[in-house]
Every structure is written in structure tokens, then in C-alpha cells.
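Overview (structure and organization)
These are the residues of each chain, in order.
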Amino acid sequence: MKDSNGNIVFDTALWQKAKNILKNIDNGLYSNSPNVQYYILRGYDRDGLATYTCGRGTNHVEGGVHQNIVCRFGSYNAAPRFAVNLIRDYCLHHNLKVGTFNRTGQQYTGSYDVWTLNRLVRLRDQTRDNFLPDSRPASWVNSNDYEQSSESFGILPLSVVTQTQLGMLEFQQDYAVKEKIRHLRLAYLQKTRVAILPVHTSQERALFTLLIQEKTGMFTSETQPNWIALACTWSQHCDGKTIFYKLPEHLKTYYKAWVELRHEKNAIEQNRTAYNELRSYLIPDPSSIPSIPVAARVSIADSLDKSKATHAASDSDVNEAKKATSLAERPAPADLVIVQSVQAAG
């Protein structure tokens, strides 16, 4: 079976995905895990009905974390360091709010400056003998008294095993400074010779097209290529200025977008005749559009003279009107009044 573009609907890759789903079902990955509580009682509403928090699926993560992160970034076009700081700030606020609510059922209303709180608690512990038991401040657990977590937040370094597998070299400060590579800070945090980024430059898009068009390349078979091997080949062309390291997921994601764009262009070419006909109806022929006469160009001096003449004529008309009004309002002579009275009497 083929689609409208002539591609096989159920190709080898899709059959492999279907087999993987059946394998996951057989392994119990889509079933409820034993001894795991998916619904947690949170309280009761005003009608006495119980309210629960559901731990199934990813809805809780999407609305409770991912959407909040999007709102936290807002319209920032954040650089890597700024993005890491925003994420760390969000993690601190989120952990205090959610952790307090999960443990106590109450909203967190304290300060988010935990470092200052830890110092105050340390001073309180050192001077506790000087306070009465009832006058001691509220309890706060000093996290500095416990072993620090080994977890990392932010941009993580790529393991040496993965670097070797993908043909990447380790970070070198001398090389970065000498070659003046871009995104030096990001490469330093990732511990790679150049930064690892998605496909985003014109040179990278051109390189990807060349790899696809190779007659003996990895895209010649009907199945998708070996993305790890492709990433290893890609690493041989990276210079840290226009072309950067790629993970297999980066190449796979861009390949999907590239295929969709090709299908769009193919669909346009297949319907080029109808497209041109519709376009001809929407865009009129320039020769059929009537010309609009353009006023003659007038210099600034001529324009000023014309304006002065117009104002002078206007002032003259106003003066004539004032004279006519003044004559009409002037009283008539006495002999004219007598003649008019005699005529009226006769």
C-alpha cells in the first residue's frame, strides 16, 4: 500500500516500531507497576467529596512543570548561561512549593533565600542557650548540615564513552582560543572540542543535503540510516564556527523536518499547473491596471508663491464682504426717508 506521494505506508521502519510496541507490552511496560500508588488523597471539597492527585501519564508534568518553564522564559531569547540560571531558579521555587505541599498539605509562604535562612539557623543553634524555649523562632532545617547532593542541574557534560562513540574530541582551551570557535562556554560545559547544537546554520543544512545525496551513503536503503554512524561521520566536518557536533537525535529530528519539506515541495510541483492558474486569478495582469495620472512636480518656490496668492485672494474677499456688511448697516439719509414716507402716504 502506498500513499498519495508514492511512498510505502507500512515500510520496514514502521513494522519495526510495531514489533517494539508488542515487545514492550509483553515486558509489562504498559501495565501498572505493583505496589505503586497512582492516586494520592489531597483533601475534601466543600461538598465533602474527596479530591485526588493522579500520577498517571505526563499530564501532571506537562501542566505542572513544562508549562511553568515556558512562562518563566517568556519572550527571552536566552543564552545558555542565562537559560541555566532561569532553570535553577525555577527548580528552587518549584521544590519548595511542591515539597512543602506534598509533606504538609500547606502552601509555602517563606523566603526563597535558603542560604540566608541556613545562616540564620546556624546562628540560632549557636546561641540557643540564650533564648527561652517558647521564644525560639520557627523551625527550619539547615540543609548545610547534610551531605550535598551529587545531582547536576543545567548543561551536563557528555560522557567520554559517548564522545568516543560519536567521534567527538574532548574540550581544549588552547584550541578554542586559537581557532576562535563560537559558543565556547557551551563547549566548555559539554566537555567537547566544539559545541553540540541542533542543525541551524546554512552550512549545516548544505552538509546534510550532501550526505543524503551520496549514492553510496547511508540514505540509499529503504530503512532509516544508522544515526550513530551518521553522527560520527558528521563530526569529521565540524570546525566550531559554521558546523557543530550533533547527537543522533539532532540528525534524526532534522531528517524528519527535511522529509516533510520535500513532500511539500513535491506536492507543489505535481500541482504546478493548477497552482499557476490560481495564482494568475489572484494576481492581475499589470497591463490591465489603469494608469493613475501623476500631478506635475512643483518647486518649493512656486508652491510658496501660489500659497501666498491664495491667501491674498482670500483676504481680499473677506475685506469686500466686510465693506458690504458695513454699508448695509449704515443709516439712510433724511431726505431719502422723507421721499419714502410721501410715496407711502400717496
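In case you missed it, the structure is sitting above this.
This one's a predicted model, so the numbers in the text were calculated from it and none came from an experiment.

A contiguous patch of positive charge, built from Arg81, Arg88, Arg185 and Lys191, is present on the exposed surface. Following the sequence through the fold, Arg88 ends up in helix α3 (residues 80-104). Residue classification places Arg88 among the partly exposed residues on the basis of a relative accessible area of 46%.

Further remarks concern helix α10 (residues 248-270). Over its 23 residues, α10 extends 33 Å from the first C-alpha to the last, a length consistent with the 33 Å expected when each residue adds 1.5 Å. Along α10, the positions that sit buried rather than exposed are Pro248, His250, Leu251, Tyr254 and Tyr255. In the core, the buried residues of α10 are packed alongside α8 (202-213) and α9 (227-235).

Side chains of Ile21, Leu22, Ile25, Leu29 and Tyr30 sit close together on the surface and give an oily, nonpolar patch of about 540 Å² of accessible area. Positionally, Ile21 belongs in helix α1 (residues 12-26). Of the residues examined, Ile21 reaches a relative accessible area of 42% and is grouped as partly exposed.

We now examine the packing of aromatic side chains. Taken as a whole, this structure holds five aromatic pairs when the rule is applied. Ring-pair connections join several aromatic residues into one group, and the members of that group are Trp227, Tyr255 and Trp258. Positioned over the ring face of Tyr175 is Arg193, at 5.0 Å from the centre of the ring.

Attention now goes to the pattern of salt bridges. Under the counting rule described, the total for this entry stands at four salt bridges. In this structure, Asp145 engages Arg122 in a salt bridge whose closest nitrogen and oxygen atoms are separated by 2.7 Å. Residue Asp145 is located in the loop between α4 (114-126) and α5 (160-165), and its partner Arg122 is located in helix α4; the two are separated by 23 residues in the primary sequence. For Arg122, a relative accessible area of 35% puts it in the partly exposed group. For Arg124, the salt bridge is made with Asp125, and the minimal N-O distance between the two is 3.2 Å. Judged by relative accessible area, which is 25%, Asp125 ranks as partly exposed.

Calculation rules
- Residues numbered from 1 in each chain as written.
- Predicted model: local features only at pLDDT ≥ 70, side-chain atom pairs only at ≥ 80, totals over all residues.
- Heavy atoms only, no water.
- Patch = residues over 30% accessible without salt bridge, like charges linked within 9 Å, V, L, I, M, F, W, Y side chains within 5 Å.
- Areas by Shrake-Rupley, 256 points an atom, 1.4 Å probe, with all protein chains shown as cover.
- Salt bridge = Lys/Arg side-chain N within 4 Å of Asp/Glu carboxyl O.
- Lys, Arg positive; Asp, Glu negative; His and termini not counted.
- Charge placed at Lys NZ, Arg CZ, Asp CG, Glu CD.
- Helix = DSSP H or I, 4+ residues; strand = E, 2+ residues; numbered from the N terminus.
- Buried < 20%, exposed > 50% of the residue type's maximum accessible area, 1.4 Å probe, protein only.
- Expected span 1.5 Å × (residues − 1).
- Contact = heavy atoms within 4.5 Å.
- Phe/Tyr/Trp six-rings, centres within 6.5 Å; stacked < 30°, edge-to-face > 60°.
- Lys NZ or Arg CZ within 6 Å of the ring centre and 35° of its normal.

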